[in-house]
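Take a look at the letters that make up each chain.
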Amino acid sequence: MDDPSPQTIYLKDYTPSDYLIDTVSLDVNLHPTATRVRSRLTVRPNPDAVARPSAIVLDGEALELDEVRLDAKKLSPSDYTRTDNNLTIPNLPDGPFELEITTFCNPEANKALSGLYRSRDIFCTQCEAQGFRRITYFLDRPDVLARYTTRLQADKEMAPVLLSNGNLVGSGKNGNSGTHFAIWEDPHPKPSYLFAMVGGALVCVSGKFTTMSGREVDLLIYVEPGEEDRCAWAMESLKRSMKWDEERFGREYDLDVFMIVAVSDFNMGAMENKGLNVFNDKLILARPETATDADYAAIEAVIGHEYFHNWTGNRVTCRDWFQLCLKEGLTVFRDQEFTSDLRSRAVERISDVRMLKTHQFPEDSGPLAHPVRPDCYIEINNFYTATVYEKGAELCRMIETMVGREGFRAATDLYFERHDGDAATVEDFISCISEATDTDLDQFMRWYNQAGTPEVVASLSYNTKDKVAELSFSQVTPATPGQEKKQPLHMPIKLGLLGQNGDDLPLRLDSGEEITDGLIHLRDASQTFRFTDIPSPPVPSLLRGFSAPIKLTSNLSERDLEFLMANDSDLFNRWQAGQSYALRFLTRATADFRNGKDPASASAFAGALAASLRDETLEPAYRAEVLKLPSESDVAREIGKDVDPDAIHNAREWLRAEVSHALHGELEELYETNAVPGPYSPEAEDTGKRALRNAALALLAASGEESDVMRVSAHYERAENMTDKIAALGVLTHQEGKLREAAFDDFYGKWKDDHLVIDKWFSLQAISNLSDAPERVQALIKHPLFSFKTPNKVRALFGAFANMNPTGFCRADGAGFSLVADAVLEIDTFNPQISARMLGAFKSWRMLESSRQSKAKSELERIASHNKLSRDLFEIVTKTLD
Ligand code: PHE
Ligand code: ZN
């Protein structure tokens, strides 16, 4: 360890900054190995500081200090003190003063991709959460908001394009020196984490948007030369985002230019820097031949997400990093709504809930569980989690469910009006909702502070004599690390009671209250609702639209599930009924495989599935979701302990084969009738048809019949777009033999020069369930196109292997675990954010059967005992073992 005992930071210790910085004037001379940054700061004591400070303590990391001037007077080294992380200057004036600090940093050597670094030959920055301190000494905290002016200078050939936040106010050549400059001014005060600068040989694709008040905004997407023809969808998505935010939230853009830069080396998906978003290029570049429907959808969603941050994050920012969900949860909620409005609401809800259950539920029930608003952290970069983002979005959604669409809009209007220009807290947000909608959210606040997924048990009983249906609920939230005792939560539960004909019955409580919107509120540990005038035993449809992020158990029979699959008016629950039904077969079959028994027939499930598919009113995208059986990790979560991934895999393959045989004719018909003729379009309708057709193709192949596998091969050969190519490869990767090798070789030959497409080639091999998957991944490390230094490559190979290949990663001999552990240690020497994130794949190790558990544990201990871990990895490995 660099630092033997990394410090824990607590929310309760928050105090306002001693000083504020009003303006920042940066003068940057870009150089690959020695970039000079001269920063002029106007500083004043913070009137809200708790005490009069005796010195200013600036953050700074990996900086070479050249000089410090205080009110123009050069300081000598004895006038200040330095550590690895700080520059402390005492003896300051009582009033405002000016600091001028000159430092050097080395972008070329920066492989952590935080601060100023080079991605291929492009200079770019990443400042969230604490990267600005790697560019210059600063009060690098989100509640210090300043106006920035940035002068960039560089060799004109090396960096013909120079960008920063705000508006361009000057540019030119520096005589005959071969260098040039650009001056950018951002009129909006912002925290340092939203600063960005970019320099390099970039080309630009441009567009225009006229805002609701009639202002023209230039939209500029910067990419490497040669990629211009892959920007059209990103541009279209940006325009849709800007329009949607005006219509749905009344939010208008506030600068004359909105820029996006695509880079190849990036730790995350994208970053919302004010007026200058920086994107991982996989979330910008798309052509039908190179990008799948899923890529197109992700581009649209992430462009939306980053754009929406302009109000939820930038205009109103976070007081401190504990409030991260204030911007992320709300912005994810907004991007989910954007997709729902543009595409299919039901399909979007299904995929959001899938995501939540696959990533957030295991986090919330494992060693890394934390509240949506954590109360402590060692390394903030470890808290960009599914809990903060996805569960954070669910909290916004629950609020919207309770106060209604219009109420929510009134509340956000108030929030933007009251807190524009502020660094706000979750309490500020919640107060606006309470005030604007007259809602008591005191108990609801517990959702922000209490970790763990609540477990709710519901049971319905029917009294024939009184015609009363009694619905009882009880809730418990299991203990999580550091939180033994939990309090009951306020949960909105959407429900319906279906009568014999499948229609929703009117809901009236015995108090006389009519429930017209199907919404009830749980607040107590246990609670009973009595519905009157129910003519016959109803089938309950509970938690419609997944109205609260909980684990719900109810006493539905298999008959009830079939009935809901055929009749539920709530499309989310109709899908959920099919998944729940499948899970019953899958858990039973898993037990059978472990006991060496043959599973009983699944024809009841296949029949119900066929019936639900026959409903022609359902759109293809939705039917594609219905056709996807629960994943292996869904089954593992359902089983919960003593998990044997091989038995789960066998059970799932068995069920797929059963369905494939039983529905062969129907599936073939779906495959034939959903071919999409004509030129490729990434819009929802065609995407849905391809999804349905490809789901049918995959399920047909599960029969194991040679003709069904041959169909996949033919599908690959005939495919005219990347979606269909990948759909075929996704099946072939699990097939031993020459069809597989031929397809992968063909794909490699065509795409080896395209770094984004080749990532798909790595991923598809990493997820193979062939028994030698770990050896194949091991071999791919040596492939000339693989690099540990590029996060996309690491995610493509190791991310896919560790998170999407349970039989490979958890192979009984431990080879998968040790392969990933080796990679984590290697990466940790230069990019702690990526190594720590990758170790997250071990979070569910305690759910495994004992022999795999001990193999996982020894790998974790091997990492923990390493003597030079980053703070990021240290936090994750210690908590995972705790
Ligand atoms: N704030 C970015 C987003 O959600 C994510 C991010 C965090 C990117 C940290 C880089 C570093 O949209
Ligand atoms: Zn975000």
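Residues numbered from 1 in each chain as written. Chains lettered and ligands numbered in written order. Predicted model: local features only at pLDDT ≥ 70, side-chain atom pairs only at ≥ 80, totals over all residues. Heavy atoms only, no water.

## Considering the overall build of the protein
Link 1 in the chain: When its secondary structure is counted, the protein shows 26 helices and 31 strands.
Link 2 in the chain: For the protein, whose C-alpha radius of gyration is 28 Å, the value lies close to the compact-globule estimate of 29 Å for 882 residues.
Link 3 in the chain: If you line up the protein on its principal axes, its C-alpha atoms span 90 × 70 × 60 Å.
Link 4 in the chain: For the protein, buried positions account for 60% of its 882 residues.
Link 5 in the chain: Element-wise, carbon and sulfur atoms account for 49% of the exposed surface of the protein, whose accessible area totals about 33800 Å².
Link 6 in the chain: Considering the protein, the positive charge centre built from 98 side chains and the negative charge centre built from 136 side chains are found 1 Å apart. (Helix = DSSP H or I, 4+ residues; strand = E, 2+ residues; numbered from the N terminus. Rg over C-alpha atoms; globule rule 2.2 N^0.38 Å. Buried < 20%, exposed > 50% of the residue type's maximum accessible area, 1.4 Å probe, protein only. Areas by Shrake-Rupley, 256 points an atom, 1.4 Å probe, with all protein chains shown as cover. Lys, Arg positive; Asp, Glu negative; His and termini not counted. Charge placed at Lys NZ, Arg CZ, Asp CG, Glu CD.)

## A short note on the nonpolar core
Link 1 in the chain: With 281 residues, the main nonpolar core has Phe429, Tyr448 and Phe798 as its most contacted residues.
Link 2 in the chain: In terms of residues, this core owes the most to one element, helix H5 (residues 386-419), which gives 13 residues.
Link 3 in the chain: Residues in contact with Tyr448, not counting those within four places in the same chain, are Cys325, Pro371, Val372, Arg373, Leu395, Ile399, Val426, Phe429 and Ile430. (Core = buried A, V, L, I, M, F, W, Y, C linked by side-chain atoms within 4.5 Å. Contact = heavy atoms within 4.5 Å.)

## Quick look at empty space enclosed by the protein
Link 1 in the chain: Evaluation of the coordinates by the stated rule reveals five cavities of 30 Å³ or more.
Link 2 in the chain: As a volume, the largest cavity reaches approximately 90 Å³.
Link 3 in the chain: Those elements that provide at least two residues to the lining of the largest cavity are helix H9 (571-594), helix H10 (603-613) and helix H11 (620-627).
Link 4 in the chain: The dominant element in the lining of the largest cavity, judged by the number of residues it contributes, is H9, at five residues.
Link 5 in the chain: Looking at the lining of the largest cavity residue by residue, the class counts come to nine nonpolar, three polar and two charged. (1 Å grid on protein atoms, 1.4 Å probe; cavity = no way out; pocket = protein on both sides within 12 Å on 5 of 7 lines; lining within 4 Å. Points joined across faces, edges and corners; volume = space filled by probe spheres on them. Nonpolar A, V, L, I, M, F, W, Y, C, P; charged D, E, K, R; others polar.)

## Considering the coordination of the zinc ion (ligand 2)
Link 1 in the chain: Taken together, the protein ligands of the zinc ion (ligand 2) are His305 (NE2), His309 (NE2) and Glu328 (OE), with distances of 1.9 to 2.1 Å.
Link 2 in the chain: Counting the intervening residues between successive donors of the zinc ion (ligand 2) yields the motif H-x3-H-x18-E. Here His309 is found in the loop between helix H2 (293-308) and strand S22 (317-318), whereas its partner Glu328 is found in helix H3 (residues 324-342), with 19 residues between them in sequence. As far as the burial class goes, His309 and Glu328 line up, both buried. (Donors = N, O, S within 2.8 Å, 3.2 Å for Na, K, Ca; no water.)

## What about the sheet that holds strand S15 (residues 179-190)?
Link 1 in the chain: Taking strand neighbours across the sheet as the criterion, the eight strands line up as S6-S5-S9-S3-S2-S12-S15-S14 in an open arrangement whose pairing is mixed. Of all the strands in the sheet, the pair left with one neighbour each is strand S6 (73-74) and strand S14 (167-173).
Link 2 in the chain: Pairing geometry for strand S12 (residues 146-155) and S15, over nine bridges, is antiparallel. Note on S15: the bridge partner recorded for Gln153 is Phe181. (Pairing = 2+ DSSP bridges.)

## Quick notes on helix H18 (residues 738-751)
Link 1 in the chain: Here H18 is 14 residues long and its end C-alpha atoms lie 20 Å apart, about the 20 Å a rise of 1.5 Å per residue gives.
Link 2 in the chain: Where H18 is concerned, the buried positions are Arg740, Ala743, Phe744, Phe747 and Trp751. Looking straight down H18, one finds that the buried residues subtend no more than 95° of arc, so they occupy a single side. Relative to its buried face, H18 has exposed residues pointing more than 90 degrees away, namely Lys738 and Asp745.
Link 3 in the chain: Looking at the buried residues of H18, the elements they touch are helix H16 (706-718), helix H17 (722-732), helix H19 (755-766) and helix H20 (773-781). (Expected span 1.5 Å × (residues − 1). Arc of directions from axis to C-beta.)

## A short note on the packing of aromatic side chains
Link 1 in the chain: Counted by the stated rule, this structure contains 43 aromatic pairs.
Link 2 in the chain: Ring plane angle 45° and centroid distance 6.1 Å describe the contact between Tyr377 and Phe383, whose orientation is recorded as tilted.
Link 3 in the chain: By relative accessible area, Tyr377 is classed as buried at 8%.
Link 4 in the chain: Under the relative-accessibility criterion, Phe383 is labelled buried at 6%.
Link 5 in the chain: Considering the side-chain rings of Tyr384 and Tyr389, the 6.4 Å spacing of their centres and the 55° angle between planes classify their relative orientation as tilted.
Link 6 in the chain: The exposure class of Tyr384 is buried, given its relative accessible area of 7%. (Phe/Tyr/Trp six-rings, centres within 6.5 Å; stacked < 30°, edge-to-face > 60°.)

## Some points on the site of ligand 1
Link 1 in the chain: The immediate surroundings of ligand 1 are formed by 13 residues, with Glu128, Glu272, Glu306, Glu328 and Tyr389 found nearest.
Link 2 in the chain: One of the side-chain N or O atoms of Glu128 is found 2.6 Å from a nitrogen atom in ligand 1.
Link 3 in the chain: Within the side chain of Glu306, an N or O atom sits 2.9 Å from an oxygen atom of ligand 1.
Link 4 in the chain: The fraction of the free accessible surface of ligand 1 (320 Å²) that becomes covered by protein chains is 96%.
Link 5 in the chain: Elements represented by at least two residues in the shell around ligand 1 include exactly strand S20 (270-271), H2 and H3.
Link 6 in the chain: For the shell around ligand 1, the class distribution of residues is five nonpolar, three polar and five charged. (Near = heavy atom within 4 Å. Polar contact = N/O pair within 3.5 Å; in protein donor to acceptor, adjacent residues only side chain to side chain.)

## Details of the environment of Ala109
Link 1 in the chain: The residue Ala109 is located in the loop between strand S9 (97-105) and strand S10 (115-119) in this model.
Link 2 in the chain: Given a relative accessible area of 52%, Ala109 falls into the exposed group.

## Some thoughts on the environment of Pro77
Link 1 in the chain: The topology assignment puts Pro77 in the loop between S6 and strand S7 (81-82).
Link 2 in the chain: By relative accessible area, which is 60% here, Pro77 ends up exposed.
Link 3 in the chain: Considered as a pair, Pro77 and Phe593 are 516 residues apart in the sequence and their alpha carbons are 71 Å apart.

## Structural notes on the packing of H9 against helix H13 (residues 645-662)
Link 1 in the chain: Running from N to C, H9 and H13 cross one another at 125°; their axes reach a closest spacing of 8 Å. Compared by their axis directions, H9 and H13 come out oblique. Note that H9 runs across H13; the crossing there is right-handed. Counted together, Ala582, Phe585, Leu586, Ala589, Thr590, Phe593 and Arg594 of H9 and Ala647, Ile648, Asn650, Ala651, Arg652, Trp654 and Leu655 of H13 form the full contact between these two elements.
Link 2 in the chain: When its residues are assigned to classes, the contact of H9 with H13 shows ten nonpolar, two polar and two charged. (Axes fitted to C-alpha atoms, helices over the stretch in contact; angles between N-to-C directions. Parallel < 35°, antiparallel > 145°, perpendicular 65-115°, else oblique. Left-handed = near helix turned anticlockwise from the far one by under 90°.)

## Regarding H20
Link 1 in the chain: Along H20, the residues classified as buried are Ala773, Pro774, Val777 and Leu780. With its buried residues spanning 120° around the axis, H20 presents them on a single face.
Link 2 in the chain: If you follow the buried residues of H20, they end up packed against H19, helix H21 (791-804), helix H22 (806-809) and helix H23 (815-828).

## A closer look at the pairing of S14
Link 1 in the chain: Here S14 pairs with S15 via six bridges, running antiparallel. Paired with Asn167 across the bridge in S15 is Glu185.
Link 2 in the chain: In this structure, the hairpin formed by S14 and S15 is closed by a connection of five residues, where Gly175 is found at a positive phi of approximately 55°.

## A few points about the environment of Phe801
Link 1 in the chain: The residue Phe801 is located in helix H21 in this model.
Link 2 in the chain: For Phe801, a relative accessible area of 0% translates into the label buried.
Link 3 in the chain: In this structure, the C-alpha to C-alpha distance between Phe801 and Leu498, residues 303 residues apart in sequence, is 43 Å.
Link 4 in the chain: With residues near it in sequence (within four places) discarded, Phe801 still touches Ala766, Ala773, Pro774, Val777, Gly808, Phe809, Gly816, Leu819 and Val820.

## Brief notes about the pattern of salt bridges
Link 1 in the chain: According to the stated counting rule, one finds 86 salt bridges in the structure shown.
Link 2 in the chain: In this structure, the salt-bridge partner of Asp420 is Arg315, at a minimum N-O distance of 2.7 Å. Of this pair, Asp420 sits in the loop between H5 and strand S24 (423-424) while Arg315 sits in the loop between H2 and S22, and the two are 105 residues apart along the sequence.
Link 3 in the chain: Judged by its relative accessible area of 33%, Asp420 falls in the partly exposed class.
Link 4 in the chain: In this structure, Arg776 and Glu736 form a salt bridge, with 3.9 Å as the shortest nitrogen-oxygen distance. Taken together, the residues span a long stretch of sequence, with Arg776 in helix H20 and Glu736 in the loop between H17 and H18 at a distance of 40 residues.
Link 5 in the chain: In the salt-bridge network here, residues are joined through shared partners; they are Arg248, Glu337, Asp341, Arg345, Arg397, Glu400 and Arg405. (Salt bridge = Lys/Arg side-chain N within 4 Å of Asp/Glu carboxyl O.)

## Notes on the packing of helix H1 (residues 232-249) against H2
Link 1 in the chain: Direction vectors running N to C along H1 and H2 enclose 45°, while the axes themselves pass 9 Å from each other. Relative to H2, H1 is oriented oblique. Helix-helix and strand crossings are classified by hand; for H1 and H2 the assignment is right-handed. In contact with Trp233, Ala234, Ser237, Leu238, Arg240, Ser241, Met242, Trp244 and Asp245 of H1, H2 contributes Tyr296, Ile299, Glu300, Ile303, Gly304, Tyr307 and Phe308.
Link 2 in the chain: Split into classes, the residues belonging to the contact of H1 with H2 amount to ten nonpolar, three polar and three charged.

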